[in-house]
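The residues making up each chain are set out below.
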Amino acid sequence: MSTPPLLRMTGVGKAFPGVQALTDVHFELHAGEVHALMGENGAGKSTLIKMLAGVHTPDSGTIEIDGRPVSITNPQRAVDLGIAVIHQELNLAPNLTVAQNLALGREPRTRLGLLDRSRIRREAHAKLDRVGGGIDPDAVLGTLSVGMQQVVEIARAVAQNARVLVLDEPTAALSEAEAQRLFSLVEEMRGAGMGLVYISHRMEEVYRLADRITVFRDGHWVGTSPRAELEPEDIVARMVGRTLDDLYVRERHDPGEVVLEAEGIGDGAGIGPVDLRLRAGEVVGLGGLIGAGRSELAQLLFGAQRVRTGRLRVGGRAVVNRSPLDGIRNGIGYVPESRKEQALFLDMSIRDNVVTTGLGLDQVSDFGVLRRGRMTRRVATQIDALRVRCSSALQRVAELSGGNQQKVVLGRWLAIAPRVLLLDEPTRGVDIGAKHEIYRIIDRLAREGVAVLVISSDLPELLGISDRVLVMRNGAVAAELPREEATEEAVMLHATGVAAGSG
Amino acid sequence: MTETSRAGKPAPTTEAAGIAPPRAGRPRFARLWDRYGILGVLVLMIVLMAVLAPNFLTFTNVFNIARAASINAILAAGMTLVILTRGIDLSVGSNLAVCGIVSVLLWTAGLPSVLCVAGGIAVGALFGLLNGALIAYLALPAFIVTLGGLTYLRGTAYLLTDGQPLLADDLGFRLMGSGFIAGVPVPVVVMLGLYLVLWFVLRHTRFGTEVYAIGGNPEAARLAGIKVKWTLVRVYVIAGACAGLAGVIFSARVMSGQPTAGETYELDAIAAVVLGGTSLMGGIGTVQRTLIGAMIMGVLSNGLLLMNVPYFYQLIIKGGVIVLAVAIDSLKNWKRA
């Protein structure tokens, strides 16, 4: 044996009441290596990170740093051992300046015991230079972009002499430019001899950065291979435990008559006027950059935002949606972008979440009194049809995985049988197995004659499931692409306005 | 070498949150505490008082406690709904005074008892409607709107009585305060009836589901087509009606309209709700637990009184118990996090 690896985990296991989170897991990280850790949600990645961060201690197995066994019993111990974890939610104070954040917890004092502000600022400069600079130490952290905040957090880790840096889905909230900057920073840190554990669902990133790739499934180690020896399909197969020969599902027939027809719809400000037709049994993709007005358009159609211009017809009948309840009564359903902030009642049961719509509550109550039998039947139908994995219909929604939570949101709308369903980023934050199931559900709905509009920033998904693609730019529909012409390039050209002349 | 020594212990209760469903994975004791902990505190307190205070556990005294606590409990019932929607109603104490006075004024004006009682409750509901409309439709903060209510309703109470108690020795509905039904004091019967109704409303009606939904996630409720504003208005109307009911009982009990009635009662009501474990963040809580919270406060007051604890100390102990109870309650969340 030559030099021992920077970090080695051997036979590590961890159980929580009722759940075996990790079983006999092996993981090695060398200095100067980017090691990607992949797996579906619930595969055990978070548990592993939390062990490294000192949040959880393993039930069995050993963790070695430089070949010496260590026990990481608390977060401070992790810092002392040179382990830093950059979580998806950043661990900084948004109301303080960059310099104050970098000094947090170890502020230098003057001889009088007061804060040594000039030294805090001086040291901040030095720390920021090590990660590329370009950030003003006096800026209030909350005013920086998420990407910049992340760089600050990395600077803090580097300043604490971290040798093992864990990045948990670092690009989830970054723009393309910010992500590029992060990638070069990652490469720099690798060059400087740090070991990086890189967790991401995004294949391109993993292929761009990782030296080796380890896949977990259901709390088990599935395999570790050098990047060059793995095809993306192999990784997916390892993650889901089977080959997903066709991730996207499209088994429906030709669309029927027009169900929703919008003419010149707009909010009188930045959105519209938009003309739009959705046919029964059709899945229409709505692409575009973030901020192009896709969610706003969906909310205008649904009645969640005030329509100032244009006309709307559903099923041939002119309608005006002044509120979401109007939209629902006129046969429209809307699955918003953020399921936790805009859709779910996390402390309520699956059953109550499914029945809670203006119309759903009408249907399960008589004179305002809820009928449990009807509620139970309704929920059971959706749980079966959508294959929601739960212990019972009375389980709290907060306890479900992201994919199952999203199915509950879908179930809420399916239960009231809308004619038009507007889905805003329906697979965001959902693991690949659940994505596939959601595509099946969308396809099934289309086969049953629902008109579906899907907003997605995931281009392969948008192209994979749509019958045609609309591209929005600056609040208007810039292009309509039939399935044959819808390529990633074409969508991006119209989304960014490069193809403006043709739009 | 392994690290089993520490983590191999059974039931690592505190660490489940990371991956396992927090509640499903929690050991039985924690779940029992979640559900019945506050009831245990009440029982413990009763046992303690029974040992310490003479005559505590007598038939008469038990009813005394319940009757004394009933007004706070009635205010707290409405307050529970308000807090469930992430709101607060600071005006209920002053509203109580106005409604009590109105019911006495109606009596002196010659109206039959039933209309006096109904009138008092209706006035309370009306001020609740005003609160609710300002909060829901003008999107004003509940704290400010009802803080204003606390002040202008107190002023109204003084204005209606010219600052003097409004005596009514022949008050027709005095049984609302001092009567008995089958040996149980009327205020206690009314209180229990109210809680039964609100329990049913929260648990078995669509309105109840809407209240929890709005408290849990107002934006999600709106996007699900719930009439958020209208539901909020109804919640404040209920809180106002509860204040009206409490005011009528108060007046019946003292057979007069008191302009100073109900001062700081809003704080006791909030304390009872919080003692019962209802989250100030909204969406979590039940009225039955609020009732237990109100009873804990009642038992404490009564016990301290029987033990001849000086009033100043009573206040200090009561305040301490409230903070302590909430601290114990939040401890379980803290361990989980």
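Residues numbered from 1 in each chain as written. Chains lettered and ligands numbered in written order. Predicted model: local features only at pLDDT ≥ 70, side-chain atom pairs only at ≥ 80, totals over all residues. Heavy atoms only, no water.

*Asks:* Any details on the overall build of chain B? Residues and values, ideally.
*Replies:* For chain B, the count of helices and strands is 14 helices and four strands. Within chain B, contacts between residues separated by at least 24 positions form 79% of all contacts whose residues are at least 6 apart in sequence. For chain B, the computed accessible surface area is about 15,200 Å², with 71% contributed by carbon and sulfur atoms. (Helix = DSSP H or I, 4+ residues; strand = E, 2+ residues; numbered from the N terminus. Contact = heavy atoms within 4.5 Å. Areas by Shrake-Rupley, 256 points an atom, 1.4 Å probe, with all protein chains shown as cover.)

*Asks:* Provide a residue-level description of a positive patch on the surface, including the pertinent values.
*Replies:* A cluster of like positive charges, contributed by Arg306, Arg308 and Arg322 of chain A together with Lys229 of chain B, occupies part of the molecular surface. Within the fold, Lys229 of chain B resides in helix α11 (residues 228-254). (Patch = residues over 30% accessible without salt bridge, like charges linked within 9 Å, V, L, I, M, F, W, Y side chains within 5 Å. Salt bridge = Lys/Arg side-chain N within 4 Å of Asp/Glu carboxyl O. Lys, Arg positive; Asp, Glu negative; His and termini not counted. Charge placed at Lys NZ, Arg CZ, Asp CG, Glu CD.)

*Asks:* Can you lay out the layout of surface pockets for me, pointing to particular residues and giving the numbers?
*Replies:* All names here are of chain B. Within this model, the second largest pocket holds a volume of roughly 860 Å³. Taken together, 28 residues make up the lining of the second largest pocket; nearest its centre are Ala68, Tyr265, Asp268, Ser301 and Lys318. Looking at the lining of the second largest pocket, the elements that each hand over two or more residues are α3 (59-84), α11, α12 (265-275), α13 (287-306) and α14 (311-336). A total of eight residues in the lining of the second largest pocket trace back to one element, the largest contributor, which is α3. (1 Å grid on protein atoms, 1.4 Å probe; cavity = no way out; pocket = protein on both sides within 12 Å on 5 of 7 lines; lining within 4 Å. Points joined across faces, edges and corners; volume = space filled by probe spheres on them.)

*Asks:* Got a sec to walk through the environment of Leu167 of chain B? Specific residues and values, please.
*Replies:* Residues and elements named next belong to chain B. In this fold, Leu167 is placed in strand β1 (residues 166-167). Residue Leu167 is classed as exposed on the basis of its relative accessible area of 64%. In this structure, the C-alpha to C-alpha distance between Leu167 and Ser251, residues 84 residues apart in sequence, is 9.5 Å. For Leu167, the residues in contact, after removing those within four places along its chain, are Met255 and Ser256. (Buried < 20%, exposed > 50% of the residue type's maximum accessible area, 1.4 Å probe, protein only.)

*Asks:* Provide a residue-level description of helix α8 (residues 186-204) of chain B, including the pertinent values.
*Replies:* Here α8 of chain B contains 19 residues, and its C-alpha end-to-end distance of 26 Å stays within 8% of the 27 Å for a straight helix at 1.5 Å per residue. Turning to α8 of chain B, its buried residues are Val186, Pro187, Val188, Val190, Met191, Leu194, Tyr195, Leu198, Val201, Leu202 and His204 of chain B. (Expected span 1.5 Å × (residues − 1).)

*Asks:* Tell me what's going on with the packing of aromatic side chains, and back it up with residues and numbers.
*Replies:* According to the stated counting rule, one finds five aromatic pairs over all chains in the structure shown. Taking 4.9 Å as the distance between ring centres and 70° as the angle between the ring planes, the aromatic pair formed by Phe59 of chain B and Phe63 of chain B counts as edge-to-face. Of this pair, Phe59 of chain B and Phe63 of chain B both sit in helix α3, four residues apart, which is roughly one turn of that helix. Residue classification places Phe59 of chain B among the exposed residues on the basis of a relative accessible area of 65%. Aromatic pair Phe250 of chain B and Tyr265 of chain B: ring centres 6.4 Å apart, planes at 65°, arrangement edge-to-face. Of the two residues, Phe250 of chain B is situated in helix α11 and Tyr265 of chain B in helix α12; the sequence distance between them amounts to 15 residues. For Phe250 of chain B, a relative accessible area of 14% puts it in the buried group. Relative accessible area serves as the criterion here: at 26%, Tyr265 of chain B is assigned to the partly exposed category. Each member of the aromatic cluster is reached from another via a ring pair, and the members are Phe302, Tyr334 and Trp413 of chain A. (Phe/Tyr/Trp six-rings, centres within 6.5 Å; stacked < 30°, edge-to-face > 60°.)

*Asks:* Hey, could you go over the side chain of Arg468 of chain A for me, with residue numbers and the actual values?
*Replies:* All names here are of chain A. For Arg468, the position within the fold is in strand β21 (residues 468-473). In this structure the side chain of Arg468 is engaged in a polar contact, spanning 2.4 Å, whose partner is the backbone oxygen of Arg277. With residues near it in sequence (within four places) discarded, Arg468 still touches Arg277, Leu278, Glu282, Val283, Val284, Gly285, Glu480, Leu481, Pro482 and Arg483. (Polar contact = N/O pair within 3.5 Å; in protein donor to acceptor, adjacent residues only side chain to side chain.)

*Asks:* Break down empty space enclosed by the protein for me, with residues and values.
*Replies:* Sizing a probe to match a water molecule and rolling it over the atoms shows the empty space that remains. Residues and elements named next belong to chain A. Evaluated as defined, the whole model comprises four cavities of 30 Å³ or more. Considering the residues around the second largest cavity, the lining is formed by Gly147, Met148, Gln150, Val151, Leu174, Glu178, Arg181 and Leu182. Elements supplying a minimum of two residues to the lining of the second largest cavity: α5 (146-159) and α6 (176-191). Ranked by residues supplied to the lining of the second largest cavity, first place goes to α5 with four residues. Classifying every residue of the lining of the second largest cavity gives four nonpolar, two polar and two charged. (Nonpolar A, V, L, I, M, F, W, Y, C, P; charged D, E, K, R; others polar.)

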